[in-house]
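Here is what each chain is made of, one letter per residue.
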Amino acid sequence: MSSDAPLLVITGPTASGKTARAVDCARAFGGEIISADSRQLYRGMDLGTGKDLEEYGRVPYHLIDVRPAGCSDYTLYEYLTDASAAIDDVGDRGRLPILCGGTGMYVEAVLNDLRLPRVPRDEQLRAELAPLSLDELTARLASMKRLHNTTDTDTPARAIRAIEIATYYAAHPDEAELTRPHPRTGAVVVGVDIPRDVRRARITDRLQRRLDAGMVAEVEGLLASGVPAENLLRYGLEYKYLTEYVLGRTTRDEMVSGLETAIHQFAKRQMTWFRGMERRGHRITWLPYDMEPAAFVEAVAALLPPRP
């Protein structure tokens, strides 16, 4: 599909209600939703990732529950490959692709229509990097490229892979050219705007509801099924704090308090990313979180180009 093909993006911080908005738009415009959430990819990780699948009703969705829980090797390359295939498939069937999610890196990569080459493992380089600390790896990566986010340096394994990729691109400039942005001209990006104090209150309320619904039991079940604790910890947020609690490393009060704070901080980082996207040339039309559904859909309709 060409870069000028229609694509609607509904994004915003956690707890802004973007999924419900995307579903309303899908029903109104004959669309299908492609997830842009880095954790909803995993099966069995439902409450902790806020899938809220009941909201979709009969609206088709893609890139949710496509990998087993505990999988830690789903890369941006794979996401872009899968998202591009889903967007093309939906559009080719005459439906409107609606990208929905709050993982800014995924959203921006799709909007830039990045085509990442598959970078092979470099065992010699990995052996050289293995003894280095995370701080040393981060410093080395920073010497090779500008670090726009902390995703590449969350863990030593991620940092080593990022260095491996940067090293490969330096040796293969023709393939590196594919990683440069080629923005989609047919994309309309809508952000769900929610005041900070309302967002914080909704995060607190949603966390309690998910705990009441069995989020601790979900993590206990994942561990009992054989998912390694270190893999769950790596997902961060709910799975980090709940796993530590289930393992007896923290009290329930400490878990709830720490997790709530972490989610607030995560929402703040999301907004920082979206503001960065705007500085990098992506136009985001922000619509109030509390608009009536019909008014929200009407506002989005006014932004979309006429469809044949």
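Preceding block: the structure.
Residues numbered from 1 in each chain as written. Predicted model: local features only at pLDDT ≥ 70, side-chain atom pairs only at ≥ 80, totals over all residues. Heavy atoms only, no water.

*Asks:* How should I be thinking about the overall build of the chain in this particular structure?
*Replies:* Scanning the chain for helices and strands turns up 13 helices and 6 strands. Here the C-alpha atoms of the chain give a radius of gyration of 20 Å, agreeing with the 19 Å that 2.2 N^0.38 yields for 308 residues. In terms of overall dimensions, the chain has a C-alpha envelope of 55 × 50 × 35 Å along the principal axes. Here the chain, with 308 residues, has 46% of them falling under the buried criterion. Of all intrachain contacts in the chain linking residues separated by at least 6 positions in sequence, the fraction that spans at least 24 positions is 74%. Looking at the chain as shown, the accessible area adds up to about 15000 Å², and 51% of this sits on carbon and sulfur atoms. (Helix = DSSP H or I, 4+ residues; strand = E, 2+ residues; numbered from the N terminus. Rg over C-alpha atoms; globule rule 2.2 N^0.38 Å. Buried < 20%, exposed > 50% of the residue type's maximum accessible area, 1.4 Å probe, protein only. Contact = heavy atoms within 4.5 Å. Areas by Shrake-Rupley, 256 points an atom, 1.4 Å probe, with all protein chains shown as cover.)

*Asks:* Whenever I open this one, the sheet that holds strand β2 (residues 31-35) confuses me. Can you help?
*Replies:* Hydrogen bonds along the backbone pair up the strands of a sheet, which may run parallel or antiparallel. The 6 strands are arranged β3-β2-β4-β1-β5-β6 in an open sheet whose pairing can be described as parallel. Bordering the open sheet on either side are β3 (61-62) and β6 (285-288), each of which pairs with just one other strand. Bridging between β2 and β3 involves 2 bridges; their strand directions are parallel. Each residue of the ladder has a partner; that of I33, found in β3, is Y61. Sheet strands in contact with helix α3 (residues 104-111) are β1 (7-11), β4 (96-100) and β5 (187-193), and its direction is about 160 degrees off that of β1. (Pairing = 2+ DSSP bridges. Axes fitted to C-alpha atoms, helices over the stretch in contact; angles between N-to-C directions.)

*Asks:* Can you walk me through the nonpolar core in this structure?
*Replies:* Soluble globular proteins: nonpolar side chains tend toward being buried together. Y79, L99, V110 and L211 are the most contacted members of the largest nonpolar core, which has 56 residues in total. Elements supplying a minimum of two residues to this core: β1, α2 (76-92), α3, α6 (156-171), α8 (196-213), α9 (215-224), α11 (237-246) and α12 (252-279). Sorting elements by how many residues they give to this core places α12 first, with 10 residues. V110 has contacts with L7, Y79, L80, A83, I87, L99 and R184, leaving out every residue within four places of it along the chain. If you look at the next biggest cluster of nonpolar residues, it comprises 22 residues, including I10, C25, F29 and L96. (Core = buried A, V, L, I, M, F, W, Y, C linked by side-chain atoms within 4.5 Å.)

*Asks:* Would you explain empty space enclosed by the protein in this entry?
*Replies:* Where empty space is left in the structure can be found by rolling a water-sized probe over the atoms. Under the counting rule described, the total for this entry stands at 2 cavities of 30 Å³ or more. In terms of lining residues, the largest cavity is bounded by L80, A83, S84, I87, A109, V110, D113, L114, R115 and R184. The set of elements that each furnish at least two residues to the lining of the largest cavity consists of α2 and α3. Sorting elements by how many residues they give to the lining of the largest cavity places α2 first, with 4 residues. Classifying every residue of the lining of the largest cavity by side-chain character gives 6 nonpolar, 1 polar and 3 charged. As a volume, the second largest cavity reaches approximately 30 Å³. (1 Å grid on protein atoms, 1.4 Å probe; cavity = no way out; pocket = protein on both sides within 12 Å on 5 of 7 lines; lining within 4 Å. Points joined across faces, edges and corners; volume = space filled by probe spheres on them. Nonpolar A, V, L, I, M, F, W, Y, C, P; charged D, E, K, R; others polar.)

*Asks:* Got a minute to help me understand the state of the cysteines in this structure?
*Replies:* Here is the idea: a disulfide is a covalent bond, and it sits between the sulfur atoms of two cysteines. Overall, the coordinates contain 0 disulfides when judged by the stated rule. In this structure C25 is a free cysteine whose sulfur lies 9.4 Å from that of C100, the closest cysteine sulfur available. Note on C25: relative accessible area 0%, which makes it buried. C100 gets classed as buried once you look at its relative accessible area, which sits at 6%. (Disulfide = S-S within 2.5 Å.)

*Asks:* What is the right way to look at the pattern of salt bridges in this model?
*Replies:* For side chains of opposite charge, pairing can occur when their charged atoms come near one another. Under the criterion given, the structure shown has 17 salt bridges. R93 serves as the salt-bridge partner of D89, at 2.9 Å between the closest nitrogen and oxygen. Look at D89 and you get partly exposed, because its relative accessible area is 35%. Several salt bridges converge on common partners, so that one network encompasses E32, D89, R93 and R95. (Salt bridge = Lys/Arg side-chain N within 4 Å of Asp/Glu carboxyl O.)

*Asks:* Help me out: how do you make sense of α8 in this one?
*Replies:* Since there are 3.6 residues in each turn of an α-helix, residues three or four apart along the chain are aligned in direction. Its 18 residues give α8 an end-to-end C-alpha distance of 25 Å, which sits within 8% of 26 Å, the value for a rise of 1.5 Å per residue. Of the residues making up α8, those classed as buried are R199, I203, R206, L207, R210 and L211. Mapping the buried residues of α8 onto a view down its axis gives an arc of 135 degrees, with all of them on the same face. Those residues of α8 that are exposed and angled more than 90 degrees off the buried face are D197 and D212. (Expected span 1.5 Å × (residues − 1). Arc of directions from axis to C-beta.)

As far as function goes, none of this settles anything; it's purely spatial.
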